[in-house]
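As a plain string of letters, each chain reads:
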Amino acid sequence: DVYKRQIMANLLAGTAQITVDGNSYMLEGAAKYSPSTVTRTSLVGQDGYHGVKEMPVAGSISFTARDAGDLTVYDFNRMRNATVVLQLANGKTVVGRSMACVDAQEVDTTEATFDVKFEGPLVSEQTAN
């Protein structure tokens, strides 16, 4: 029992669950998220390094979903102002609010999968403890 708890305490990756506006979807492939709020680019001139440029970026949550028989893929294309919640194996919860689905979905019928990407003003991380 102690050994089992020790293994569970060290679980870092491998499983995840995704919901969009409270609806669960089959998560086939790796989910990714970006809580970043800025991107920085070096500004370099002929005389050397001048500094950095900082621009805002949207937060994002993306994943590969499985096309279940009761799912209408077109619904993802219409999603705006959505709340996306990603639960990770390590106990962390990733939340994106006011998210919009930014890609057009294309289904791969050999595996019944399609890629989904949401972007919005903020993606936050809630740690396990």
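Heads up: the structure comes first, above all this text.
Residues numbered from 1 in each chain as written. Predicted model: local features only at pLDDT ≥ 70, side-chain atom pairs only at ≥ 80, totals over all residues. Heavy atoms only, no water.

1. Observations regarding the side chain of Thr93
To keep things clear, this is the line we draw: Secondary structure elements follow DSSP: runs of H or I no shorter than four residues count as helices, runs of E no shorter than two count as strands, and numbering proceeds from the N terminus. Type-normalised accessible area, obtained with a 1.4 Å probe on protein chains alone, sets the label of each residue: buried when under 20%, exposed when over 50%, and partly exposed for intermediate values.
With respect to the element layout, Thr93 can be found in strand S8 (residues 93–101). Residue class for Thr93 comes out buried when judged on its relative accessible area of 12%.

2. A look at the environment of Lys53
This is how it is decided: Any two residues having at least one pair of non-hydrogen atoms within 4.5 Å are treated as being in contact.
With respect to the element layout, Lys53 can be found in strand S5 (residues 48–56). For the pair Lys53 and Thr39, spaced 14 residues apart in sequence, the C-alpha to C-alpha distance is 8.2 Å. When near neighbours in sequence (up to four residues on either side) are disregarded, Lys53 contacts Thr39, Arg40, Thr41 and Leu43.

3. Concerning the pairing of strand S9 (residues 113–120)
Short version of the rule: A pair of strands counts as paired when DSSP detects no fewer than two bridges linking them.
Note: strand S6 (residues 59–66) against S9, 8 bridges, orientation antiparallel. Bridge assignment links Ser60 to a residue of S9, and that residue is Glu119. Alignment of S8 against S9, held across 2 bridges, turns out to be antiparallel. In the sheet register, Cys101 faces S9, and the bridge partner there is Phe118.

4. Some details on the nonpolar core
Condition: Buried Ala, Val, Leu, Ile, Met, Phe, Trp, Tyr and Cys residues form a nonpolar core when they are joined through side-chain atoms within 4.5 Å.
In terms of nonpolar packing, the biggest core is built from 21 residues, with Ile61, Phe76 and Phe118 touching the most fellow members. Broken down by secondary-structure element, the contributors of at least two residues to this core are strand S1 (16–20), S6, strand S7 (82–88), S8 and S9.

5. Quick notes on a negative patch on the surface
Stated formally: Patch membership requires over 30% relative accessible area and the absence of a salt bridge. Like charges are linked within 9 Å, and nonpolar side chains (Val, Leu, Ile, Met, Phe, Trp, Tyr) within 5 Å. Per-residue and other accessible areas were derived by the Shrake-Rupley procedure at a 1.4 Å probe size, with only the shown protein chains allowed to occlude residues. Just to be clear on terms, a salt bridge is a Lys or Arg side-chain nitrogen sitting within 4 Å of an Asp or Glu carboxyl oxygen. When charges are counted, Lys and Arg are positive and Asp and Glu negative, with His and the chain ends excluded. Note that the charge is assigned to NZ on lysines, CZ on arginines, CG on aspartates and CD on glutamates.
On the surface, a cluster of negative charge is contributed by Glu28, Asp103, Glu106, Asp108, Glu111 and Asp115. Along the chain, Glu111 turns up in the loop between S8 and S9.

6. A look at unusual backbone geometry
In this structure, Asn81 is a non-glycine residue whose phi angle is positive, near 55 degrees. With respect to the element layout, Asn81 can be found in the loop between helix H2 (74–77) and S7. Relative accessible area serves as the criterion here: at 60%, Asn81 is assigned to the exposed category. At Ser98, a residue that is not glycine, the phi angle is positive and equals roughly 55 degrees. In this fold, Ser98 is placed in strand S8.

7. Focus on the packing of aromatic side chains
Using the following cut-off: Only rings of Phe, Tyr and Trp enter the pairing, Trp through its six-membered ring, and a pair is recorded when the two centres are within 6.5 Å. The plane angle decides the type: under 30 degrees is stacked, over 60 is edge-to-face, the rest tilted.
A complete count under the given rule lists 2 aromatic pairs for this structure. Note on Tyr25 and Phe76: the rings are 4.8 Å apart at their centroids and 55 degrees apart in plane angle, and the pair reads as tilted. In this pair, Tyr25 is assigned in strand S2 (residues 23–25) and Phe76 in helix H2, connecting sequence segments 51 residues apart. The exposure class assigned to Phe76 is buried, which follows from its relative accessible area of 0%. Ring centres 5.4 Å apart and planes at 65 degrees place the aromatic pair Phe76 and Phe114 in the edge-to-face group. In this pair, Phe76 is assigned in helix H2 and Phe114 in strand S9, connecting sequence segments 38 residues apart.

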